[in-house]
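What follows is each chain in one-letter form.
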Amino acid sequence: MKRYLFVLTPMFLLVTFGSFGWNSCNSTKAIQTSNEKMVQDTAFDEAAAIAAIKKKIEGREQEPAEAVFENIQIMKGFPAGRVLDIMQMAFSRSLGVSCDHCHVPNDWGNEEKLTKQVTRDMWMMMGEINGELLKNIPNLQSEQPVANCTTCHRGQIKPATSLK
Ligand code: HEC
Ligand code: HEC
């Protein structure tokens, strides 16, 4: 239970939208790159998929995600519209992937892909880092130290452990 509490804190929203802000400066390039990759790798069209979801949830963007979507576990209480922003900005961009890395395309509630499962554990890990570990490091010269998906992944599926 305790592990779920941080999800609701304002601090945690900041973590998510920290990555949102960080990515926005080069989002155009990222979108182009991922679109090119998708056209080559699969027939999955990210822009069309997002447009279809937006249309489907139109008028319900402010409702809690679990009331709008099928299998919400970690983002309970988040406005449905914000979940989509997190999918695009925090998850896809920070790993350098498109939606189909974690989802069976256009079957969003499907739980088949292991990457979707791992992501929930990564989210919990990130919560512990921010909510418990990082803020308890004494002498840190930062008012609000934050680690998010981008901090580790930096556009890669597997974070680097050494510099090239
Ligand atoms: C790194 C993995 C990852 C990526 C990439 C990703 N998602 Fe997700 N997505 C998840 C996880 C995990 C959940 C479940 C969230 C929860 O449990 O609250 C989810 C949930 C969703 C849901 C709600 C499904 C339901 O009915 O329960 C939608 C819609 C969705 N994602 C769309 C997208 C779209 C569109 C993209 C690409 C722009 C995307 N996702 C990219 C991991 C990912
Ligand atoms: C503290 C560093 C750290 C943070 C923060 C972090 N990750 Fe990870 N992530 C890792 C490491 C390490 C691995 C394991 C890589 C390996 O298999 O060698 C990993 C693996 C993954 C994988 C499985 C990769 C694959 O396809 O095999 C996914 C998906 C993932 N992370 C998503 C996320 C998402 C989404 C976030 C933000 C909610 C996140 N991670 C935050 C360090 C991190």
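Quick caveat, the model's predicted, so the values are computed rather than measured.

**Some thoughts on the pattern of salt bridges**
Piece 1. For the coordinates displayed, the defined rule picks out four salt bridges.
Piece 2. Close ionic contact of Glu63 with Arg60 constitutes a salt bridge, the shortest N to O distance being 3.0 Å.
Piece 3. Here Glu111 ties to Arg120 by a salt bridge, and the two come within 2.7 Å at their closest N and O atoms.
Piece 4. For Glu111, a relative accessible area of 27% corresponds to the partly exposed category.

**What about the site of ligand 1?**
Piece 1. Neighbouring residues of ligand 1: 24 residues in total, closest Asn71, Met87, Cys99, Cys102 and His103.
Piece 2. Ile74 places a main-chain nitrogen or oxygen 3.0 Å from an oxygen atom of ligand 1.
Piece 3. A distance of 3.0 Å is found between an oxygen atom of ligand 1 and a backbone nitrogen or oxygen belonging to Met75.
Piece 4. Mapped onto the shell around ligand 1, the elements with two or more residues apiece are helix H4 (46-56), helix H6 (80-95) and helix H7 (114-133).
Piece 5. The greatest single-element share of the shell around ligand 1, amounting to four residues, is contributed by H6.
Piece 6. Among the residues forming the shell around ligand 1, the class breakdown is 12 nonpolar, eight polar and four charged.

**A look at the environment of Thr119**
Piece 1. Tracing the backbone through its elements, the reader meets Thr119 in helix H7.
Piece 2. Given the relative accessible area of 16%, Thr119 is considered buried.
Piece 3. Between the C-alpha atoms of Thr119 and Cys149, which are 30 residues apart in sequence, the distance is 9.7 Å.
Piece 4. If near-sequence neighbours (up to four positions away) are discounted, Thr119 is found in contact with Phe91 and Cys102.

**Regarding the confidence of the model for the chain**
Piece 1. On average, residues of the chain score 83 in pLDDT, and 74% of them reach the 70 mark or higher.
Piece 2. With pLDDT under 50 throughout, residues 1-11 is counted as low confidence; its partners more than four residues away or in other chains account for 18 contacts.
Piece 3. In the predicted structure, residues 19-40 sits below a pLDDT of 50 and forms 19 contacts with residues beyond four places in sequence or in another chain.

**With respect to the coordination of the iron atom of ligand 2**
Piece 1. Those donors, Met122 (SD) and His153 (NE2), are the protein atoms that reach the iron atom of ligand 2, and they lie 2.0 to 2.3 Å from it.
Piece 2. Residue Met122 is classed as partly exposed on the basis of its relative accessible area, which comes to 38%.

**Regarding the packing of aromatic side chains**
Piece 1. Applying the stated rule across the entire model yields three aromatic pairs.
Piece 2. One aromatic cluster is present, built from ring pairs that chain together Phe78, Phe91 and Trp123.

**Details of the site of ligand 2**
Piece 1. Taken together, 17 residues surround ligand 2, and among them His101, Met122, Cys149, Cys152 and His153 come closest.
Piece 2. One of the side-chain nitrogen or oxygen atoms of His153 is found 2.8 Å away from a nitrogen atom of ligand 2.
Piece 3. Separating an oxygen atom of ligand 2 from a side-chain N or O atom of Lys158 is a distance of 3.4 Å.
Piece 4. Of all the secondary structure elements, the ones that give two or more residues to the shell around ligand 2 are H6, H7 and helix H8 (149-153).
Piece 5. If one sorts the elements of the shell around ligand 2 by residue count, H7 sits on top with seven residues.
Piece 6. For the shell around ligand 2, a count of residues per class yields 11 nonpolar, five polar and one charged.

Criteria and cut-off values
- Residues numbered from 1 in each chain as written.
- Chains lettered and ligands numbered in written order.
- Predicted model: local features only at pLDDT ≥ 70, side-chain atom pairs only at ≥ 80, totals over all residues.
- Heavy atoms only, no water.
- Salt bridge = Lys/Arg side-chain N within 4 Å of Asp/Glu carboxyl O.
- Buried < 20%, exposed > 50% of the residue type's maximum accessible area, 1.4 Å probe, protein only.
- Near = heavy atom within 4 Å.
- Polar contact = N/O pair within 3.5 Å; in protein donor to acceptor, adjacent residues only side chain to side chain.
- Helix = DSSP H or I, 4+ residues; strand = E, 2+ residues; numbered from the N terminus.
- Nonpolar A, V, L, I, M, F, W, Y, C, P; charged D, E, K, R; others polar.
- Contact = heavy atoms within 4.5 Å.
- pLDDT = per-residue confidence, 0-100.
- Donors = N, O, S within 2.8 Å, 3.2 Å for Na, K, Ca; no water.
- Phe/Tyr/Trp six-rings, centres within 6.5 Å; stacked < 30°, edge-to-face > 60°.

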